[in-house]
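This is what each chain is made of:
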Amino acid sequence: MVLLHVLFEHAVGYALLALKEVEEISLLLPQVEECVLNLGKFHNIVRLVAFCPFSSSQVALENANAVSEGVVHEDLRLLLETHLPTKKKKVLLGVGDPKIGAAIQEELGYNCQTGGVIAEILRGVRLHFHNLVKGLTDLSACKAQLGLGHSYSRAKVKFNVNRVDNMIIQSISLLDQLDKDINTFSMRVREWYGYHFPELVKIINDNATYCRLAQFIGNRRELNEEKLEKLEELTMDAAKAKAILDASRSSMGMDISAIDLINIESFSSRVVSLSEYRQSLHTYLRSKMSQVAPSLSALIGEAVGARLIAHAGSLTNLAKYPASTVQILGAEKALFRALKTRGNTPKYGLIFHSTFIGRAAAKNKGRISRYLANKCSIASRIDCFSEVPTSVFGEKLREQVEERLSFYETGEIPRKNLDVMKEAMVQAEEAAAEITRKLEKQEKKRLKKEKKRLAAIALASSENSSGTPEECEETSERPKKKKKQKPQAAPQENGMEDPSVSSKPKKKKSFSKEELVSSDLEETAGSGSLPKRKKSFPKEEPDSDPEESGNKRVPKKKRKFSSKEEPLSSGPEEAAASKSSSSKKKKKLRKLSQEN
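You'll find the chain entered in an unreviewed UniProt entry as Nucleolar protein 56, with Balaenoptera musculus given as the organism. Per UniProt, the comment on the chain under Subcellular location (unreviewed entry) is "Nucleus, Nucleolus".

J.: Any chance you could explain the packing of helix α21 (residues 365-385) against helix α22 (residues 392-410) here in plain terms?
T.: How two helices sit against one another is set out by the angle between their axes and by the gap between those axes. For the pair α21 and α22, interaxial distance at closest approach is 10 Å and the crossing angle is 170°. Considered as vectors, α21 and α22 are oriented roughly antiparallel to each other. The residues of α22 that touch α21, namely those facing R367, I368, Y371, L372, K375, I378, A379 and I382, are F393, L397, Q400, V401, R404, L405 and Y408. Split by residue class, the contact of α21 with α22 holds eleven nonpolar, one polar and three charged.

J.: Please clarify how the sheet that holds strand β3 (residues 46-53) should be interpreted in this entry.
T.: In any sheet, the strands associate via hydrogen bonds between backbone groups, in a parallel or an antiparallel arrangement. The strand order across the open sheet formed by five strands is β3-β2-β1-β4-β5, and the pairing between neighbours is mixed. Here the strands that pair on one side only, and so sit at the sheet edges, are β3 and β5 (111-113). The sheet shows a mean angle of 25° between the axes of neighbouring strands, taken without regard to direction. Note: strand β1 (residues 3-9) against strand β2 (residues 13-19), five bridges, orientation antiparallel. The residue of β2 that forms the bridge with V6 is L17. Helix-sheet contacts for helix α6 (residues 98-107) involve β1, β4 (91-94) and β5, and the interaxial angle to β5 is about 170°.

The rules behind each value
Residues numbered from 1 in each chain as written. Predicted model: local features only at pLDDT ≥ 70, side-chain atom pairs only at ≥ 80, totals over all residues. Heavy atoms only, no water. UniProt positions renumbered as here; feature names shortened; annotations may be inferred. Axes fitted to C-alpha atoms, helices over the stretch in contact; angles between N-to-C directions. Helix = DSSP H or I, 4+ residues; strand = E, 2+ residues; numbered from the N terminus. Parallel < 35°, antiparallel > 145°, perpendicular 65-115°, else oblique. Contact = heavy atoms within 4.5 Å. Nonpolar A, V, L, I, M, F, W, Y, C, P; charged D, E, K, R; others polar. Pairing = 2+ DSSP bridges.

Okay, structure coming up:
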């Protein structure tokens, strides 16, 4: 008899369930459907064999990704190998997803079954799961499902920040709105300033230029020859600047007060700033389109490509559309009106704004729009699903459209699509290799900077941590070495000293040499910062005035280490000599401080 087990994946863990009376269940499918809703009857059919909970939300997300991709995770492998019978031929495992079933059968050798009774059993397990597992409540199971659902959806949205098409949709919508607003405001400036200088409207046609001139001229009576050069800069035409100057002298406009002029100038400055922002937004849109959809923008232009993406909702939706839908995208009203009235359907929608349809003859507009929609559909799919964005395919597709246009006009046979795409593939591989090379260089530079930053942080932290013991070592070692200098300075100052006093420092010299040897050994075996102190001590000995160099450092050290120096003193004469030398040094220090 074949044992039927069911694998159930939940947000809290894997559950392995065994079914009783397998043959009867397989025969009586309607009864199984009735038993699913009743907990008591369902317990008679299904029993829980093993439950493997997830240790954390990260592990749950990894297992969910593995199940969705049809990969057997280590936790699932351990559960099945531990709790399923060793004789694999007598085991039948029911799973909900055919992909994970095929993976289990391939890797572990268990026969897997999906659909039919298994689907009904899994439906009952999902309904009564919190009753099958001890310690699991319905509320905690719902919370686990909600958290895993959010993290799974966030992990599945694996997109590049530089290739987000939402920004393109918002940019092109804002660009269209700005065009409408700038036109409305410019007409208001023309009408308002036209009361004072009506001849300017006929001379200047551009809205932004008109607003700049209205802001610059102000009162037309103040316009003279001195402002002619500035007028030429604004109009970019000497003839127009001269015409404006002549018209201002013989204008039929009414006089205007200063407060009205101030309001007109402030409003025209707002319109000018809006037009400047519109230009910067257009450049931003072009750069964004070159990152997100380079092939589509190379084929049909940035503005038309962005409008197609915005109308479709996203680049992915546009890539899913067939060429016939792309052709009439934006002409839905005309299409449904034609279907309703049984008239002619539209030939083109948003792609009419491309230059190709305008250049084609009237009889060829429908043919070229169909061909262009076909190439737009290919370009959008390349942009959506290619890993490295490149404009090579868009340029090649544009060449094909150009050749088709010339074929309609002159009859010249265009190249075959296969040959063009082979060339494009070779160029695209070269471009992709160059882009990946650049990205690798940038990544190496970033890693180097990061290593330097971390090394600097580690060095600073080590200096801060080891600063106090190093200071203690310095203060403990320096007085031992300075004692070699103290007896040398004393006989130079006091030439008439007793021989007993002068002989005792010699003993100290031999004693200090032994200490110096031991300290040198400690320094070589110690930290790397100590050899710097070796260099500092020889510099102090060949100084021209060794007493001053000793005076700068010794008094503080004597105060700190007076307790250590006391056992080294060999008699009251040495103590008296050291006191006299210290008093003289204090006097010298006072003199030096006063001179400074």
